[in-house]
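# Chain and residue survey
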Amino acid sequence: MAKTYQVNLDGTDIRFTPEGKVAVLDAIQALTAKDRPERVWHDIVEANPGITAICETYRFTDTDASAVVDGSGWAIIEDLLLVYMIE
């Protein structure tokens, strides 16, 4: 496994790939402070099915394959998160 990076934002760990792509669920958790970032992501994907095309799957560990996205992809997801961040 390649070295990965982790940043702690207000008690939430956000993982990054060696190329700088962010783990989508980690970033959603950090920005929305919701207990179930999977539900938020599911709602976003359901409302915007094409959003998964900008994501890749990255194996942080042998048992953890997570959706990751680059900076421009994250900007798109972040815009869609506004409704969850306001609640």
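See above for the structure.
Remember, predicted model here, so these are calculated numbers, not experimental data. (Residues numbered from 1 in each chain as written. Predicted model: local features only at pLDDT ≥ 70, side-chain atom pairs only at ≥ 80, totals over all residues. Heavy atoms only, no water.)

### Points about the packing of aromatic side chains
Following the criterion strictly, the structure yields one aromatic pair and no others. Ring centres 4.9 Å apart and planes at 70 degrees place the aromatic pair Tyr58 and Phe60 in the edge-to-face group. Per residue, the accessibility class of Tyr58 equals that of Phe60, and both read buried. Above the plane of the ring of Phe60 lies Arg15, whose end atom (NZ or CZ) is 4.4 Å from the centre. (Phe/Tyr/Trp six-rings, centres within 6.5 Å; stacked < 30°, edge-to-face > 60°. Buried < 20%, exposed > 50% of the residue type's maximum accessible area, 1.4 Å probe, protein only. Lys NZ or Arg CZ within 6 Å of the ring centre and 35° of its normal.)

### A word on helix H1 (residues 24-32)
Taken as a whole, H1 has its buried residues at Val24, Asp26, Ala27, Ile28, Ala30 and Thr32. Of the residues trailing H1, Ala33 is marked for its positive phi of about 60 degrees. (Helix = DSSP H or I, 4+ residues; strand = E, 2+ residues; numbered from the N terminus.)

### Some points on the side chain of Ser66
Note that Ser66 resides in strand S5 (residues 64-69). When neighbours within four sequence positions are excluded, Ser66 is seen to be in contact with Arg15, Glu56, Thr57, Tyr58 and Phe60. (Contact = heavy atoms within 4.5 Å.)

### Describing the nonpolar core
Nonpolar side chains in soluble globular proteins tend to be buried together. Counting 15 residues, the largest nonpolar core has Val24, Ile28, Trp41, Trp74, Ile77 and Leu81 as the members making the most contacts within it. Contributions of two or more residues to this core are made by H1, helix H2 (37-47) and helix H3 (71-86). Residue contributions to this core peak at four residues, all from H1. Excluding residues that lie within four positions of it along the chain, Val24 makes contacts with Trp41, Cys55, Ala67, Val68, Val69, Trp74 and Ile77. (Core = buried A, V, L, I, M, F, W, Y, C linked by side-chain atoms within 4.5 Å.)

### Focus: the pairing of strand S4 (residues 56-61)
Here S4 pairs with S5 via five bridges, running antiparallel. By the bridge assignment for S5, Glu56 is matched with Val68. (Pairing = 2+ DSSP bridges.)

### Quick look at the pattern of salt bridges
Going through the model one piece at a time under the given rule, you end up with four salt bridges. Among the ionic pairs, Lys21 bridges to Glu56, the shortest N-O distance being 2.5 Å. With a gap of 35 residues between them, Lys21 in the loop between strand S2 (12-16) and strand S3 (22-23) and Glu56 in strand S4 connect regions that are remote in the sequence. The exposure class of Glu56 is partly exposed, given its relative accessible area of 43%. Overlapping salt bridges, with partners in common, bring together Arg15, Asp26 and Asp64 in one network. (Salt bridge = Lys/Arg side-chain N within 4 Å of Asp/Glu carboxyl O.)

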